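Next come the chains, spelled out residue by residue.
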Amino acid sequence: MELLLLLLFGLVQLFFGYAFFRILIVLGGAVLGFYLGPDVYFSLTGQPPGSGVALVSALIVGGIFAALAWFAVRALLFLWGFLIGFWAMAGAGQELVPALVVGVAAGVLVAIFQRALIIAFTSLSGASLVATAGLALLGGWVGGTGVPAVPQPRLGLGQELLTLHGFELASREPWFVVLVLALAVIGAGVQFGRTGRAL
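Residues numbered from 1 in each chain as written. Predicted model: local features only at pLDDT ≥ 70, side-chain atom pairs only at ≥ 80, totals over all residues. Heavy atoms only, no water.

Q: In this structure, what is going on with the environment of G189? I would like to understand it.
A: For G189, the position within the fold is in helix α8 (residues 174-195). As for G189 and S123, which are separated by 66 residues in sequence, their C-alpha atoms are 9.3 Å apart. (Helix = DSSP H or I, 4+ residues; strand = E, 2+ residues; numbered from the N terminus.)

This is how it looks when you write it as structure tokens:
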């Protein structure tokens, strides 16, 4: 059952990863706002909200946070790119100003090409899940030829989740890398075709 769920999740990432990513961002903002809603009401009025008021305030703040999360994707991705660029330069022993310049440039590039980066990431992640869970479900046999079996994962264990994503197997089996990359290219093509020029 675990492997079937992981295979399904991998397929969603592989073919619908971009839309799924945006939905997760919005849902995360909505949930955070929903929980903070009553606290926001209390901080504004000084009155503890009743159940009805608490629900209404939770829904309003949840909606606001969801909208902010939708429009803040570029800002979050810029920050991610900036930190990667800045720490890469700082780790290489560069001075502060060059590190800041490279960080800003990396952040801008990530923000501009966010669609391509999200699709690439979700396609690779989904392809790895599909390949690993699919081979495990097949019992390690494809077309009558022996294929190294993938260990059955137990959710919640970091080491086994890495194995699940195929990183350990990929380091030993070149054919697995080819399989994941081929699936990722197919998934990315579907996602690019499906999303068009949407942000």
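Q: Teacher, can you tell me more about a nonpolar patch on the surface here?
A: A cluster of nonpolar side chains, namely F78, L79, W80, L83, I84, W87, V104, V108, L109, I112, F113 and L117, defines an oily patch on the protein surface of about 1,100 Å² accessible area. Among the elements of the structure, α3 (73-91) and α4 (96-112) are those that each provide at least two residues to the nonpolar patch. At six residues, α3 tops the list of elements feeding residues into the nonpolar patch. Within the secondary structure, W87 sits in helix α3. (Patch = residues over 30% accessible without salt bridge, like charges linked within 9 Å, V, L, I, M, F, W, Y side chains within 5 Å. Areas by Shrake-Rupley, 256 points an atom, 1.4 Å probe, with all protein chains shown as cover. Salt bridge = Lys/Arg side-chain N within 4 Å of Asp/Glu carboxyl O.)

Q: Before we go on, may I ask you to explain the packing of helix α1 (residues 2-45) against helix α2 (residues 51-71) in this structure?
A: A pair of packed helices is characterised by two quantities: the angle between their axes and the separation of those axes. Two elements in contact, α1 and α2, have axes separated by 6 Å at closest approach and are oriented at 145°. Between α1 and α2 lies a crossing whose hand is right-handed. Partitioning the contact of α1 with α2 into residue classes produces 19 nonpolar, five polar and one charged. (Axes fitted to C-alpha atoms, helices over the stretch in contact; angles between N-to-C directions. Left-handed = near helix turned anticlockwise from the far one by under 90°. Nonpolar A, V, L, I, M, F, W, Y, C, P; charged D, E, K, R; others polar.)

Q: Explanation requested: helix α5 (residues 114-137) in the structure shown.
A: Because an α-helix completes one turn every 3.6 residues, residues spaced three or four positions apart along the sequence face the same direction. An ideal rise of 1.5 Å per residue puts 34 Å on 24 residues; α5 measures up with 34 Å between its terminal C-alpha atoms. Of all 24 residues in α5, 18 are buried; the element is thus mostly enclosed. (Expected span 1.5 Å × (residues − 1). Buried < 20%, exposed > 50% of the residue type's maximum accessible area, 1.4 Å probe, protein only.)

Q: So what exactly am I meant to see when it comes to the packing of aromatic side chains here?
A: Given two aromatic rings, their pairing is described by the distance between the two centres and the angle made by the two planes. Under the definition given, this model contains five aromatic pairs. Taking the centre distance of 6.4 Å and the plane angle of 20° together, the rings of F78 and F82 count as stacked. Note that F78 and F82 are positioned in helix α3 at a spacing of four residues, about one turn of the helix. Judged by its relative accessible area of 31%, F78 is partly exposed. In this structure F82 comes out as buried when scored by relative accessible area, which is 17%. Taking the centre distance of 5.8 Å and the plane angle of 15° together, the rings of F82 and F86 count as stacked. Here F82 and its partner F86 are both found in helix α3, four residues apart, which amounts to about one turn of the helix. A single burial state applies to F82 and to F86, both of which are buried. An aromatic cluster of at least three residues, connected via ring pairs, comprises F78, F82, F86 and W87. (Phe/Tyr/Trp six-rings, centres within 6.5 Å; stacked < 30°, edge-to-face > 60°.)

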